[in-house]
Amino acid sequence: MWKNRNVWIILMGEFIAGIGLWTGIIGNLEFMQAHVPSDFAKSLILFIGLLAGVLVGPLAGKIIDSYSKKKVMIYSGFGRMLSVCFMFLAIEYQSILFMILFMIAIQLSAAFYFPALQSSIPLIVRDKDLLQMNGVHMNVSTVSRIAGTAMAGAMLVIMSLSSLYLASMVAYGILFLSTFLLDFEDKAADERKKDGKGSGSFKEIMPVLKETPIALTVLILTIVPFLFIGGFNLVVINISEIQDDQTIKSLIYTIEGICFMIGAFAVKKLSNDNNMVQLMFIFVTLIAVAHLSLFFADIKIMTLISFGIFGLAVGCFFPIAATIFQTKIPKEYHGRFFSFRNMLDRVMFQVVLLGTGLFLDTIGLQMMALVFGFLSLTLITMYGLKLFRQPMKMAHQKTP
């Protein structure tokens, strides 16, 4: 795998783009803090961008499956670069409208780029290397998040906001140019081009999911980590208030990040083609246990253990989930499937974020941890029994 030039191009591109993305996010927060006094208005601006990405999802999936994935990544990368121009105008004219246009444009580009990237990985590496590739890819994304936020914080001290966005634009430009260097065969797109046919309806992904129960189960089980991730920042702030300790925030982020990277590296050693489903259920159960253990959020060591377990489990869960999707869903549906998943993730994130805020205000963190933890265990039990009963039914049907 490591001798494959495409692998290095994707990983280096992901790292550079991640730095650009998180530099831009810090810039967005800085701009909103200066010009948008209302927290609700800030959340609305962020929501508008996410909504645009969700609405364009069906079109994005159809285009990714109909045309060359490399070309989709190139065009969306160019669109991402142009979107930064709206922020230059926003800063110049102190305009919230231009910032909203920036949020919409950047999310539209992401709605095309990330599903195209996910559906390109199985075309670049062999099936046996997919798990390792997904784990490394997620680690690169995590490191770029840490590096991007750290760099942006340091740059804001010595540079203007415009310079921050210029650095972000340069990073996107490097990603855009590196995409041209990708060289892989997209047989499905080539065949459709010869036939003069498109990919079909976005709705075709529903029957495919029904015919692939393991993929549908994994898709539903991603709710479990999202119940933790969606309100992550709110929970961390709440824990620091409960313990009356501001330093606990940095400790939580550090331990969770380190454990995530350990999990993403270790998952390849732990798994093989035969035990991925069982491992997935073990790790998703650990995520639920980590959530339940936040009932003891007033105890510092228990808090750190909870986030350590979560980081390790989610670092293993997501590469396994991505590998199952890439291998079980037919390649000709990858663009539509990953667009569908992208849409679900965005909606789920917003719902969990709002739900976490509501629960923290009404029943408190410790009771919320029990509610979300038991909800997670219920989902795991229901779909675990449903999935593992199917091979048994098949076996009984074959018995004369």
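Computed from a predicted model, the values in this text were never measured in an experiment.

Asks: Tell me what's going on with unusual backbone geometry, and back it up with residues and numbers.
Replies: Of note, the phi angle at Gln-94 is positive, near 50°, even though the residue is not glycine. Assignment of secondary structure puts Gln-94 in the loop between helix H4 (69–93) and helix H5 (96–124). Relative accessible area serves as the criterion here: at 46%, Gln-94 is assigned to the partly exposed category.

Asks: Lay out the packing of aromatic side chains in plain terms, naming residues and giving numbers.
Replies: Each aromatic ring pair is characterised by the separation of its centres together with the angle its planes make. Following the criterion strictly, the structure yields 12 aromatic pairs and no others. Plain terms: the ring middles of Phe-317 and Phe-318 are 5.5 Å apart, the flat faces sit at 70° to each other, and that makes the pair edge-to-face. In this structure, Phe-317 and Phe-318 share a single accessibility class: buried. The ring of Tyr-113 is capped by Arg-80, whose NZ or CZ atom sits 4.6 Å from the centre of that ring.

Asks: Go over a nonpolar patch on the surface with me, naming the residues and quoting the values.
Replies: Together, Phe-295, Phe-296, Ile-299, Ile-301, Ile-305, Ile-363, Met-367 and Val-371 make up a nonpolar patch on the protein surface, roughly 670 Å² of accessible area in all. Among the elements of the structure, helix H15 (300–328) and helix H17 (365–398) are those that each provide at least two residues to the nonpolar patch. Relative to the helices and strands, Phe-296 resides in the loop between helix H14 (276–292) and H15.

Asks: Just give me the short version of the pattern of salt bridges, but keep the residues and values in it.
Replies: According to the stated counting rule, one finds two salt bridges in the structure shown. Asp-65 serves as the salt-bridge partner of Arg-336, at 2.7 Å between the closest nitrogen and oxygen. Placement of Arg-336 in helix H16 (residues 334–362) and of Asp-65 in helix H3 (residues 57–66) is noted, with a sequence separation of 271 residues between them. A salt bridge links Asp-345 to Arg-341; its shortest N-O distance comes to 3.8 Å. Remark: Arg-341 and Asp-345 occur in helix H16; sequence separation between them is four residues, near one turn of the helix. Of the residues examined, Asp-345 reaches a relative accessible area of 17% and is grouped as buried.

Asks: For the environment of Ser-83, give the residues involved together with the corresponding values.
Replies: Inspection of the secondary structure puts Ser-83 in helix H4. When the C-alpha atoms of Ser-83 and Gly-173 are compared, they prove to be 12 Å apart, with 90 residues separating the residues in sequence. From its side chain, Ser-83 meets the backbone oxygen of Arg-80 in a polar contact 2.5 Å long.

Asks: Tell me about helix H13 (residues 247–270), and name the residues and values.
Replies: Spanning 24 residues, H13 covers 34 Å between terminal C-alpha atoms, matching the ideal 34 Å at 1.5 Å per step. Of the surrounding secondary structure, the elements contacted by the buried residues of H13 are helix H6 (130–158), helix H12 (232–243) and H15.

Asks: Before we move on, could you go through the confidence of the model for the protein and cite the residues and values that matter?
Replies: Mean pLDDT for the protein: 81, with 91% of residues reaching 70 or above. Element-level mean pLDDT values for the protein span from 57 in helix H8 (residues 187–195) up to 91 in H14. Contacts for the low-pLDDT stretch residues 392–400, under 50 throughout, to residues beyond four places or in other chains number zero contacts.

Reading the values: the criteria
- Residues numbered from 1 in each chain as written.
- Predicted model: local features only at pLDDT ≥ 70, side-chain atom pairs only at ≥ 80, totals over all residues.
- Heavy atoms only, no water.
- Helix = DSSP H or I, 4+ residues; strand = E, 2+ residues; numbered from the N terminus.
- Buried < 20%, exposed > 50% of the residue type's maximum accessible area, 1.4 Å probe, protein only.
- Phe/Tyr/Trp six-rings, centres within 6.5 Å; stacked < 30°, edge-to-face > 60°.
- Lys NZ or Arg CZ within 6 Å of the ring centre and 35° of its normal.
- Patch = residues over 30% accessible without salt bridge, like charges linked within 9 Å, V, L, I, M, F, W, Y side chains within 5 Å.
- Areas by Shrake-Rupley, 256 points an atom, 1.4 Å probe, with all protein chains shown as cover.
- Salt bridge = Lys/Arg side-chain N within 4 Å of Asp/Glu carboxyl O.
- Polar contact = N/O pair within 3.5 Å; in protein donor to acceptor, adjacent residues only side chain to side chain.
- Expected span 1.5 Å × (residues − 1).
- Contact = heavy atoms within 4.5 Å.
- pLDDT = per-residue confidence, 0-100.

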